[in-house]
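# Descriptive analysis of the structure
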Amino acid sequence: MTIRVLHGLLWLILLVAVTPVLADEAEDRAKVEARKQEAFRIGFTLLIDDLNNQYTGSFVNSIDQEDMLDRIYGLRLVDQRIKRQFEENLENSFGPMIVSGAGIARAGIVPVFKVPESGPRYTILAMESRGDLGRAVVRVDLDDYQFNYQVFDLRLDSRERVVVVDWTDYLAGVTFSESVGRYLVLATPSQAALRKMLDIRNVTDRELYLFGEMLKAARDGNLDKFTEVRDSMHPRFQRQRIVVESGVHAAKARKSRRAMVAALGVVAEHYPEEPLYSLMLLDYLFPSRKYEEGIAALQRLAGALGVPDAAMDARMSAAFLAAGNTTEAVIHADAATEREPELELGWLSALNARNAAADFAGAVLAIAELESRFGYDLGPETLEKSKNFSGLIASSEYQGWLAER
């Protein structure tokens, strides 16, 4: 037997011996990964279920306070006295601050997280994880068929319990840690702290002073002063993200519709294609009848979330219908009802889209669902209030359904 053949036999023996070991290790890794994915799924689902049942304690306790403090401070230049006061009061203020935004509303920063007033309002759209890190997309059902989306960064601790690291609120266009961090900086902003908030150089002392006065006006909800100072400054300051966002947050905190529309107009001017601002821009684009821009904003938002959603389909259907594209309106309405039959807005969109397409059989199906699932009364007396339904009322499909109703 030659040396070469002997070496080949030795390698074969080693390969046969090692292969089962490698296979076992791969199987063990797969089992560990599957277990961690299940831990994410169960743990985060329990947190959301508790919130839907009006219990906030488990969510608040799922946050590592020390880690969150590090994220809030980051590289921001927070005044040491403000830091000390914040940490001294943290035990009593941490929960209310997270749940309702208590303590940060006056900063012109809308609460990033709010408990619903009644009924299940949070829906987990997607969860994904790898190892000890995870991500979850949640839809928040608001009043008047409005929706918000929150994306949560998650991790598992040493006991494989879910820890909420941070979250992005798309209606506010900011993360929780960012909103609180800004509040702390603006409580007593130094020149160095203000400079750090800017992404431009060669700022004069006068410009920096005005920048600080503008942000403090937003912090205090003084919209007139905020607008006056902002409009007096160079456009490079006006388009700073913190300035654009502060205008929206201050208007929302003051509940001023006029100021909100004006602030969103500034967002549309400087950041028309920013997915993080897409949701808030809908309140400006649709009332302004800029339907094509609104559709594009919804599509950017859907792309950023990376997950299909029935509410998104329903709103897309309404947008296409308003833009005169009945075909796409029907397609998206059908997608909404198929994806989530329990979503009221999906059936409302289906009724309107199918009626516009003269699909009266489909419209009657939507009417039946709305009446049986959601308690609507869609008899002739109700539909006659809109001339859009005259053809539906006269149709044989509707009259047949009415006779058997």
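Residues numbered from 1 in each chain as written. Predicted model: local features only at pLDDT ≥ 70, side-chain atom pairs only at ≥ 80, totals over all residues. Heavy atoms only, no water.

## Quick word on the overall build of the protein
When helices and strands are tallied, the protein shows 21 helices and five strands. Taken across its 405 residues, the protein has 47% of its residues classed as buried. The long-range fraction of contacts in the protein, counting pairs at least 24 apart against all pairs at least 6 apart in sequence, stands at 55%. Here the protein has roughly 20,900 Å² of accessible surface; of this, 52% comes from carbon and sulfur atoms. (Helix = DSSP H or I, 4+ residues; strand = E, 2+ residues; numbered from the N terminus. Buried < 20%, exposed > 50% of the residue type's maximum accessible area, 1.4 Å probe, protein only. Contact = heavy atoms within 4.5 Å. Areas by Shrake-Rupley, 256 points an atom, 1.4 Å probe, with all protein chains shown as cover.)

## Thoughts on the pairing of strand E1 (residues 122-130)
Relative to strand E2 (residues 133-141), E1 runs antiparallel, the two being bridged by eight bridges. Bridge pairing in E2 places methionine 127 opposite alanine 136. Following E1, the chain reverses through two residues before pairing antiparallel with E2; glycine 131 in that reversal takes a positive phi of roughly 65°. (Pairing = 2+ DSSP bridges.)

## Some points on the packing of helix H16 (residues 326-339) against helix H17 (residues 344-356)
As a packed pair, H16 and H17 sit with axes 8 Å apart at the nearest point and diverge in direction by 150°. The angle between H16 and H17 falls in the class roughly antiparallel. Pair H16 / H17 crosses with left-handed handedness. Within the contact between the two elements, H16 uses Thr326, Ala329, Val330, Ala333, Asp334, Ala336 and Thr337 and H17 uses Gly346, Trp347, Ser349, Ala350, Ala353, Arg354 and Ala356. Here the contact of H16 with H17 is composed, by residue class, of eight nonpolar, four polar and two charged. (Axes fitted to C-alpha atoms, helices over the stretch in contact; angles between N-to-C directions. Parallel < 35°, antiparallel > 145°, perpendicular 65-115°, else oblique. Left-handed = near helix turned anticlockwise from the far one by under 90°. Nonpolar A, V, L, I, M, F, W, Y, C, P; charged D, E, K, R; others polar.)

## What to know about the confidence of the model for the protein
When pLDDT is averaged across the protein, the result is 90; 88% of the residues are at 70 or more. Long-range and interchain partners of residues 105-110, a stretch whose pLDDT sits below 50, account for 23 contacts in this model, where long-range means more than four residues apart. (pLDDT = per-residue confidence, 0-100.)

## A short note on the layout of surface pockets
Of the voids in this model, the second largest pocket is the one considered here, and its volume is about 530 Å³. Looking at the second largest pocket, it is lined by 22 residues, and the ones nearest its centre are Ala318, Ala319, Leu345, Ser349 and Asn352. Of all the secondary-structure elements, those providing two or more residues to the lining of the second largest pocket are helix H13 (275-285), helix H15 (310-322) and H17. Among the elements that make up the lining of the second largest pocket, the one with the highest residue count is H15 (six residues). Taken together, the residues of the lining of the second largest pocket sort by class into 15 nonpolar, four polar and three charged. (1 Å grid on protein atoms, 1.4 Å probe; cavity = no way out; pocket = protein on both sides within 12 Å on 5 of 7 lines; lining within 4 Å. Points joined across faces, edges and corners; volume = space filled by probe spheres on them.)

## Quick look at the packing of aromatic side chains
Here a ring pair, both rings aromatic, is described through the centre-centre distance and the interplanar angle of the planes. Applying the stated rule across the entire model yields nine aromatic pairs. Ring geometry for tyrosine 271 against tyrosine 277: centres 5.6 Å apart, planes inclined by 80°, an arrangement best described as edge-to-face. Residue classification places tyrosine 277 among the buried residues on the basis of a relative accessible area of 0%. A centroid spacing of 5.5 Å and a plane angle of 40° characterise the contact between tyrosine 398 and tryptophan 401, whose relative ring orientation is tilted. (Phe/Tyr/Trp six-rings, centres within 6.5 Å; stacked < 30°, edge-to-face > 60°.)

## Structural notes on the environment of tyrosine 398
The topology assignment puts tyrosine 398 in helix H21 (residues 396-404). When its relative accessible area of 0% is taken as the criterion, tyrosine 398 is described as buried. Separated by 35 residues in the primary sequence, tyrosine 398 and alanine 363 place their C-alpha atoms 8.4 Å from one another.

## A short note on unusual backbone geometry
At glutamate 160, a residue that is not glycine, the phi angle is positive and equals roughly 60°. Topologically, glutamate 160 is positioned in the loop between strand E3 (147-156) and strand E4 (162-169). Residue classification places glutamate 160 among the partly exposed residues on the basis of a relative accessible area of 22%.

## A few points about helix H11 (residues 241-254)
Between the first and last C-alpha of H11 there are 20 Å, a value that for 14 residues agrees with the 20 Å anticipated at 1.5 Å per step. Counting buried residues along H11, ten of its 14 residues qualify, which places the element largely inside the surrounding structure. For H11, the full list of buried residues reads Ile242, Val243, Val244, Glu245, Ser246, Gly247, Val248, His249, Ala250 and Ala251. Immediately beyond the C-terminal end of H11, within one or two residues, lies lysine 255, with a positive phi of roughly 55°. (Expected span 1.5 Å × (residues − 1).)

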